[in-house]
Amino acid sequence: MASRRTVNDVAIVAMGCTPFRDHWHASADDLLVDAVRECVGSTPALTLDDVDAFWVGTQGSGMSGQTLARPLRLTGKPVTRVENYCATGSEAFRNAAYAVASGAYDMVMATGVEKLKDSSYSGLSAVYPPADGTDVDWTAPAGFSLLVPAYQRAYGVDARGMRDALTRVAVKNHANGARNERAQFRKAVTAETVENSPRVAGPLGVMDCSGVSDGAAAAVLVRAEDAHRYTDRPVYLRGMGFVAGSGAGLATDGYDFTTFPEVVAAARQAYEQAGVTDPATQISLAEVHDCFTPTEVVLMEDLGFSERGKAWRDILDGRYDLDGALPVNTDGGLKSFGHPIGATGLRMMFECFTQLRGEAGSRQVPDARLAVAQNLGGQPGSCVAFVAVLGNER
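Residues numbered from 1 in each chain as written. Predicted model: local features only at pLDDT ≥ 70, side-chain atom pairs only at ≥ 80, totals over all residues. Heavy atoms only, no water.

Under an unreviewed UniProt entry, the protein chain has the name Acetyl-CoA acetyltransferase and belongs to Micromonospora carbonacea.

In C-alpha cells form, the structure reads like this:
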C-alpha cells in the first residue's frame, strides 16, 4: 500500500489547549473558544480571519461543522466535523494537514473538544448504531485487561514482574502530570496507591485506568515554506500514518492480544515518510495512548521503542522516565489528563509542539528534535490507529 509524505510539507505555527479537568461551569462551546483564543493569541502575526478552513473533532459533544462555527461566529468558512473513535482529535489534525498540503488552503485550523463530566455517564459516551448482535460486548477496561495475561504468557513474565511494570507506568505518568498545570490530576502517586486501588477488570485497578475529563485543543497549520511568516519556531509534520482495522482480530482465530497491528502499520507509514529507521534511538520523546497501563507496555513494542517481550523490563529500568533515554508521556498522558475523546489527540500534539519548541519548563526533554504522537481508538483486535512524527527541523 502506498502512503507517501505530502508533496508540500506542513508546519504547525500555533497551538492552544485548555486545562483538562471537571469543567462544570463551561460548555463545549466555551472550551473551544478558550482553546482557539489561546492558539490564535499566541502568535501576534495571526488572526482568526486568516484561517481559510476548519476541522473539529468530537465524538459526542456536537454535530456538524456548526459545533465550531457557532461559538466562533465564523461566517462563510468551511467547517468539517469528524469522528474516529478515541483518535478523533488526531483525525481532525490529519484532515486539516492534508487540506493545506494539497494547496487548497493556505492556512487551516484543527480543533477537538469533548464534554464528558456532565454527560450523565461516567466514561466514554459513544452511542452505537443497531447491529446484528455479533459484536463483542465488553467494557473498555475488560477488553484492555486481556493484554496482561496474554503478554505474560507470550514472553514468560511472572505476575510480580508484570504488576511492577504496570505500576511503574502509572507512577511515571502521574509524576509527569504533577509538573503540568494543564493536567487533571496533579499529584504524584506511590506504587502502593496504584496496587491497592479497587479492582475494575481482571488485574486492572482504578489507578491502571485513565480518568474522565473535559477539554479542548486547537492547532493552526500552514505550508512549511510559509511558517516563518508567523513564528520563528515552527514545528514540522515529518510523517503521518493512519489505519482503520478490519476487526479481524476479534472475528477470527490468531490474534493473541500482545500487539495492536493497526499501530504497527501506522507507525511504519509515519517512520518511512519521516526517514526514521531506528525509532528507539532517533525519537526524542513520545506521547502515546495510555488509556490503560498495559496499553503503554504493548505500545512501546508496537512503536519500535523496545524489542518484543522486552518493554516491561525497559519500563522497570527507567528507559521511558522523564530523565530516561526516551521519555514517554512527558505531560502526564491520559493517566493524568483523563480522556476527553475529541481533544486527546490534539493534546498529545500540544505537548510535542511545546517540547520541540523548548517551552516545557521542568518537563523539558534536553535537545528534543523528533517527537511521536500516537493515538488509538477501539479495542485490542479491532481499532483505529494514528501515528505522527513531528520535528523542529524540516
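S.K.: Sorry if this is basic, but what is going on with the overall build of the protein chain here?
M.R.: For the protein chain, the count of helices and strands is 14 helices and 11 strands. Its C-alpha radius of gyration of 20 Å places the protein chain within 12% of the 21 Å reference for a compact globule of 394 residues. Expressed as a percentage of the 394 residues in the protein chain, the buried residues total 60%. In the protein chain, the share of contacts with a sequence separation of at least 24, taken over all contacts with a separation of at least 6, comes to 77%. Approximately 15,500 Å² of the protein chain is accessible, and the part contributed by carbon and sulfur atoms is 49%. In the protein chain, the 36 positive side-chain charges and the 47 negative ones have mean positions that sit 3 Å from each other. (Helix = DSSP H or I, 4+ residues; strand = E, 2+ residues; numbered from the N terminus. Rg over C-alpha atoms; globule rule 2.2 N^0.38 Å. Buried < 20%, exposed > 50% of the residue type's maximum accessible area, 1.4 Å probe, protein only. Contact = heavy atoms within 4.5 Å. Areas by Shrake-Rupley, 256 points an atom, 1.4 Å probe, with all protein chains shown as cover. Lys, Arg positive; Asp, Glu negative; His and termini not counted. Charge placed at Lys NZ, Arg CZ, Asp CG, Glu CD.)

S.K.: Which parts of the structure should I look at to understand the nonpolar core?
M.R.: Side chains of a nonpolar character, in soluble globular proteins, are inclined to be buried together. By size, the foremost hydrophobic cluster in this structure holds 92 residues, and its most contacted members are F93, L221, F260, L303 and F305. Counting only domains with at least three residues in this core, you end up with domain 1 (7–119 + 214–235) and domain 2 (140–182 + 237–391). In this view, F93 contacts I12, A110, L221, L237, M240, L346, M349 and F386; residues no more than four positions away in its chain are not counted. Core analysis: the next-biggest nonpolar cluster, separate from the first, contains 31 residues, L31, V36, L46 and A218 among them. (Core = buried A, V, L, I, M, F, W, Y, C linked by side-chain atoms within 4.5 Å. Domains from an automatic or database assignment.)

S.K.: Would you explain the packing of aromatic side chains in this entry?
M.R.: Within a pair of aromatic rings, the relevant descriptors are the distance that separates the centres and the angle that separates the planes. Summed over the entire model, instances satisfying the criterion amount to 6 aromatic pairs. A ring pair is formed by F144 and F260, whose centres lie 6.1 Å apart and whose planes are at 35°; its orientation type is tilted. Of the two residues, F144 is situated in helix α4 (residues 140–145) and F260 in the loop between α8 (248–251) and α9 (261–274); the sequence distance between them amounts to 116 residues. Accessibility expressed as a relative area gives 0% for F260, which makes it buried. On the basis of an interplanar angle of 55° and a centroid distance of 4.7 Å, the ring pair of Y255 and F257 is categorised as tilted. (Phe/Tyr/Trp six-rings, centres within 6.5 Å; stacked < 30°, edge-to-face > 60°.)

S.K.: Looking at this model, I keep getting lost on the sheet that holds strand β11 (residues 382–391). Mind explaining?
M.R.: Strand pairing in a sheet relies on backbone hydrogen bonds. The paired strands run either parallel or antiparallel. Taken together, the 9 strands give an open sheet; going across it, the order is β3-β2-β4-β7-β1-β8-β11-β10-β9, and neighbouring strands pair in mixed fashion. Edge positions in the sheet fall to β3 (79–82) and β9 (285–287), since each has one partner strand and no second. When strand polarity is set aside, the average angle formed by the axes of neighbouring strands in this sheet is 25°. Pairing of strand β10 (residues 370–379) with β11 involves 10 bridges; the strand directions are antiparallel. (Pairing = 2+ DSSP bridges. Axes fitted to C-alpha atoms, helices over the stretch in contact; angles between N-to-C directions.)

S.K.: Sorry if this is basic, but what is going on with the domain arrangement of the protein chain here?
M.R.: Many analyses report the size of an interface as the accessible area lost when the parts associate. Domain parsing of the protein chain yields domain 1 (7–119 + 214–235) and domain 2 (140–182 + 237–391). On a C-alpha basis, the centres of domain 1 and domain 2 stand 24 Å from each other. Taken residue by residue, the interface counts 41 residues in domain 1 and 29 residues in domain 2. For the pairing of domain 1 and domain 2, the buried interface totals around 3,100 Å² over both sides, and the portion due to carbon and sulfur atoms is 68%. Summed over the three residues of domain 1 that lose the most area to domain 2, namely F20, C86 and V235, the buried surface amounts to 23% of that side. A salt bridge links R182 to E38; its shortest N-O distance comes to 2.8 Å. Scanning the region where domain 1 abuts domain 2 turns up 12 residue pairs in polar contact (both at pLDDT 80 or more). Those elements that place two or more of their residues in the side of domain 1 that touches domain 2 are β1 (10–17), α3 (88–101), β4 (107–114) and β7 (215–223). Counting residues per element, the side of domain 1 that touches domain 2 draws most heavily on α3, at 8 residues. When grouped by side-chain class, the residues that make up the side of domain 1 that touches domain 2 number 21 nonpolar, 13 polar and 7 charged. (Buried area = accessible area lost by both parts, 1.4 Å probe. Salt bridge = Lys/Arg side-chain N within 4 Å of Asp/Glu carboxyl O. Polar contact = N/O pair within 3.5 Å; in protein donor to acceptor, adjacent residues only side chain to side chain. Nonpolar A, V, L, I, M, F, W, Y, C, P; charged D, E, K, R; others polar.)

S.K.: What exactly am I supposed to notice about the pairing of β11 here?
M.R.: Both faces of the sheet carry side chains from a regular strand, because those side chains alternate between them. With respect to burial, β11 is a largely interior element, 9 of its 10 residues being buried. Two successive antiparallel strands, β10 and β11, enclose a turn made up of 2 residues, where G381 displays a positive phi of approximately 95°.

S.K.: Could you clarify how one ought to interpret the side chain of R319 in this entry?
M.R.: Inspection of the secondary structure puts R319 in the loop between α12 (311–316) and α13 (333–337). One buried charged residue, R319, forms no salt bridge at all, with the nearest opposite charge on D314 at 4.5 Å. One polar contact links R319 to Y320, side chain to side chain, over a distance of 3.4 Å. Setting aside residues no more than four positions away along its own chain, R319 makes contact with A280, F305, D314, G324, A325, L326 and P327.

S.K.: When you look at the pairing of β7 in this model, what are you seeing that I'm missing?
M.R.: Burial analysis of β7 places 9 of its 9 residues in the buried class, which makes it a mostly covered element. Here β1 pairs with β7 via 7 bridges, running antiparallel. Note on β7: the bridge partner recorded for C17 is A217. Relative to β7, β4 is paired through 8 bridges, and the arrangement is antiparallel. Note on β7: the bridge partner recorded for A110 is A219.

S.K.: Explain the packing of helix α5 (residues 147–155) against helix α11 (residues 293–302) to me, please; I cannot follow it from the model alone.
M.R.: Packed helices, taken two at a time, are described by their axes: the angle between them and the distance between them. Following both chains from N to C, one finds α5 and α11 inclined at 45°, their axes separated by 9 Å at the closest point. The orientation of α5 relative to α11 falls into the category oblique. Regarding α5 and α11, the two cross each other, and that crossing is left-handed. For the pair formed by α5 and α11, the contact residues are L147, V148, Y151 and Y155 on the first element and P294, T295, V297, V298 and E301 on the second. Across the contact of α5 with α11, the residue classes tally to 7 nonpolar, 1 polar and 1 charged. (Parallel < 35°, antiparallel > 145°, perpendicular 65-115°, else oblique. Left-handed = near helix turned anticlockwise from the far one by under 90°.)

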